[in-house]
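So you can see what is in the structure, the chains are spelled out below.
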Amino acid sequence: MTPAAHERLDVDALVDDPGTRIIVCCGAGGVGKTTTAAALGLRAAERGRQAVVITVDPARRLAQSLGLESLDNTPRPVPLPEGAAGSMHAMMLDMKRTFDEVVEQHADPERARQILANPFYQTLSTSFSGTQEYMAMEKLGQLRQSGDWDLIVVDTPPSRSALDFLDAPKRLGRFLDGRLIRFLSAPASTGAFRLLGAGFNLVTSAIGRIVGAQLLDDLRSFVSAFDTVFGGFQERAERTYRLLRTPGTAFVVVAVPDTDAMREASYFVERLATDAMPLAGLVVNRTHPLPGGPAADVGSREAVAAAEPLERSGSHPLASAALRLHAERVRTRERENRLRDALLSSHGGVRMVEVAALPEDVHDLAGLRGIGEALASAPPDR
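Residues numbered from 1 in each chain as written. Predicted model: local features only at pLDDT ≥ 70, side-chain atom pairs only at ≥ 80, totals over all residues. Heavy atoms only, no water.

## Quick look at the layout of surface pockets
Here is step 1: Of the pockets and cavities examined, the second largest pocket occupies roughly 220 Å³.
Here is step 2: Lining of the second largest pocket is provided by Gln-105, His-106, Glu-138, Gly-141, Gln-142, Arg-144, Gln-145, Arg-236, Arg-239, Thr-240 and Leu-243.
Here is step 3: Elements with a contribution of two residues or more to the lining of the second largest pocket: α4 (95–106), α7 (131–146) and α12 (213–244).
Here is step 4: For the lining of the second largest pocket, the element with the most residues is α7, which contributes five residues.
Here is step 5: Split into classes, the residues belonging to the lining of the second largest pocket amount to one nonpolar, six polar and four charged. (1 Å grid on protein atoms, 1.4 Å probe; cavity = no way out; pocket = protein on both sides within 12 Å on 5 of 7 lines; lining within 4 Å. Points joined across faces, edges and corners; volume = space filled by probe spheres on them. Helix = DSSP H or I, 4+ residues; strand = E, 2+ residues; numbered from the N terminus. Nonpolar A, V, L, I, M, F, W, Y, C, P; charged D, E, K, R; others polar.)

Put into C-alpha cells, the structure is as follows:
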C-alpha cells in the first residue's frame, strides 16, 4: 500500500522564519487544535522566538501542561527550561473581559459606564452568537499592535460552521448597524420619525409588547451610548482581517483521520483559498502508522490467513492474537490513508504532517515538546 505523494509541512521552517508573525490553528472541535497551538508556540520559543499563544480552551489541563496554575485574559509567562533560546507566554480568551476592555479604551469614562451597565450590552458581551469569535479577532489585533511578541499562535474557537471567526466581525457589525436596530432605537421625537407621529408610536408600542418595553429601552440606551465606539470596532476588525491575508500570517488546518473531521478540513482549505488566506499546511493528529521492519509488508489478509490455522490448532495463541491485532492495525491505517489521500487529491499542493496517536493525553511541557518534535519530523511512509 503506497500513500499518495505529498509535500511535507516543514514546521521548523515555519516557526523559524522571522517573517512568520501569526500562526492560526483552525479545524473542527475535538481534533487537537489547542494542543497543536501550544506545541507550536513551545517549539518556536525554544528555538528563539518570543511567542505568545492565545487559546479559547477553558480546560485546566492546558494551563497545567504549561506549568501554570491557570490561564486568564492576560498573557502569562510559561516557565521554560534553562537555556531556552526564546520566551513563551500563554492566555485564555475571556470574551466579556476583552469586550469590556475595548469599551473602556475607546469610550470616555461616563459613556463606558453607561455601556457596561446596560443589560442589553451584558447579554451581547456574554452570549450573542459570534461574540467569542469577534473577541478572538480583537485580542489578536491587540497582541499584534503591542509589539511585545514576534510570533502569535492563535487557537481558534471550536465551531461547526468552520471559519466563523472570520465572518464574526461582519456578522456582528451587520447586527449592530442593521436597519431594525436603528429603527427600534431611534427616538420617536426626533428626525423623520417625528413626522410619523402617532403612527410611529403605535408601531413601537406594538414592538414593545412583543419584545418588552424594558428591552426596547435598554436597546435604545445601548445603541445611543455605543454609537461612538462602534466605528472603531469595524475599523479594527477590517484591519485585523487584512492582517490575516498578509504573507506574515500562516494558517494551519488541524484534523483527525475520520470522515467528519476530514470533511471539515477540506472545507477549511477551500474557504481559506476563497478568502485568499495563506495556508501553511495540514496537521493530521492521532494517526496510526504501521511499525517499520518486515511486519510492515504483511497485509491484513495475509495476517488473518496466517492466524486462522493457529487458532484452529490451538497452538501459539499469542502469535495468532498478534496477527489479528496487526490485521486490524493495517485496516485502520488503510482507512486513514484513503481519507488523507482523498483530501490531498482534492486540494493539490497542500503540505501535510502527521502526529501519531499517543497512549495518554498531554499533561506537561515534556508532552507538548514531544508533540512539537512529531510535528517537525517527516511523515510516516506507510
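## A short note on the state of the cysteines
Here is step 1: Evaluated as defined, the whole model comprises zero disulfides.
Here is step 2: Unpaired in terms of disulfides, Cys-25 finds its nearest cysteine sulfur in Cys-26, a separation of 7.7 Å.
Here is step 3: Accessibility expressed as a relative area gives 0% for Cys-25, which makes it buried. (Disulfide = S-S within 2.5 Å. Buried < 20%, exposed > 50% of the residue type's maximum accessible area, 1.4 Å probe, protein only.)

## So, α7
Here is step 1: In this model, α7 (16 residues) spans 22 Å end to end at C-alpha, consistent with the 22 Å of a helix rising 1.5 Å per residue.
Here is step 2: Within the span of α7, buried status applies to Thr-131, Glu-133, Tyr-134, Met-135, Ala-136, Met-137, Glu-138, Lys-139, Leu-140, Gly-141 and Leu-143.
Here is step 3: Following α7 by one or two positions, Gly-147 adopts a phi angle in the positive range, close to 75°. (Expected span 1.5 Å × (residues − 1).)

## Considerations on the sheet that holds strand β5 (residues 151–155)
Here is step 1: Here we have eight strands laid out as an open sheet, ordered β3-β4-β2-β5-β1-β6-β7-β8, and mixed in their pairing. Looking at strand neighbours, the two that pair on one side only are β3 (76–77) and β8 (352–356), the edges of this open sheet.
Here is step 2: Relative to strand β6 (residues 249–255), strand β1 (residues 22–26) runs parallel, the two being bridged by five bridges. By the bridge assignment for β6, Cys-26 is matched with Val-253.
Here is step 3: Across the face of the sheet, α7 comes into contact with β1, β2 (50–55), β4 (87–92) and β5 while running at roughly 170° to β5. (Pairing = 2+ DSSP bridges. Contact = heavy atoms within 4.5 Å. Axes fitted to C-alpha atoms, helices over the stretch in contact; angles between N-to-C directions.)

## Description of the environment of Ala-112
Here is step 1: Checked against the element boundaries, Ala-112 lands in helix α5 (residues 109–117).
Here is step 2: Residue Ala-112 is classed as buried on the basis of its relative accessible area, which comes to 6%.

## Thoughts on the nonpolar core
Here is step 1: Grouped together as the largest cluster of nonpolar side chains are 48 residues, with contacts concentrated most on Leu-244, Val-253 and Leu-282.
Here is step 2: Ranked by residue count, the leading element in this core is α7, at six residues.
Here is step 3: Here Leu-244 is in contact with Val-24, Met-137, Leu-140, Leu-166, Thr-249, Phe-251, Met-277 and Pro-278, once residues within four sequence places are set aside.
Here is step 4: In this structure, Leu-9, Ala-37, Ala-51 and Val-78 belong to the second largest nonpolar core, which totals 42 residues. (Core = buried A, V, L, I, M, F, W, Y, C linked by side-chain atoms within 4.5 Å.)

## Looking at the pattern of salt bridges
Here is step 1: In total, this model carries 21 salt bridges according to the counting rule given.
Here is step 2: Asp-150 serves as the salt-bridge partner of Arg-49, at 3.1 Å between the closest nitrogen and oxygen. Placement of the pair is Arg-49 in the loop between α2 (33–46) and β2 and Asp-150 in the loop between α7 and β5, with a sequence separation of 101 residues.
Here is step 3: Using a relative accessible area of 7% as the deciding quantity, one classes Arg-49 as buried.
Here is step 4: With relative accessibility at 23%, the residue Asp-150 sits in the partly exposed group.
Here is step 5: Linking Glu-110 and Arg-113 is a salt bridge whose minimum nitrogen-to-oxygen distance equals 2.6 Å. With Glu-110 and Arg-113 both in helix α5 and three residues apart, this pair spans about one turn of that helix.
Here is step 6: When its relative accessible area of 48% is taken as the criterion, Arg-113 is described as partly exposed.
Here is step 7: One network of salt bridges, with partners in common, ties together Lys-96, Arg-97, Asp-100, Glu-101, Glu-104 and Lys-139. (Salt bridge = Lys/Arg side-chain N within 4 Å of Asp/Glu carboxyl O.)

## Regarding the packing of α4 against α5
Here is step 1: Following both chains from N to C, one finds α4 and α5 inclined at 155°, their axes separated by 8 Å at the closest point. By the angle between their directions, the pair α4 and α5 is classed as roughly antiparallel. Here the hand of the crossing between α4 and α5 comes out right-handed. For the pair α4 and α5, contact is made by Asp-100, Val-103 and Glu-104 and by Ala-112, Ile-115 and Leu-116, respectively.
Here is step 2: Considering only residue class, the contact of α4 with α5 consists of four nonpolar, no polar and two charged. (Parallel < 35°, antiparallel > 145°, perpendicular 65-115°, else oblique. Left-handed = near helix turned anticlockwise from the far one by under 90°.)

## Re the packing of aromatic side chains
Here is step 1: The full count for this structure, using the stated rule, is one aromatic pair.
Here is step 2: Measuring from ring centre to ring centre gives 5.1 Å for Phe-99 and Tyr-121, while their planes differ by 80°; the resulting arrangement is edge-to-face. On the criterion of sequence distance, the pair formed by Phe-99 in helix α4 and Tyr-121 in helix α6 (residues 119–127) is long-range, its members being 22 residues apart.
Here is step 3: Here Phe-99 falls in the buried class, since its relative accessible area comes to 0%. (Phe/Tyr/Trp six-rings, centres within 6.5 Å; stacked < 30°, edge-to-face > 60°.)

These figures come from the coordinates and say nothing about function on their own.
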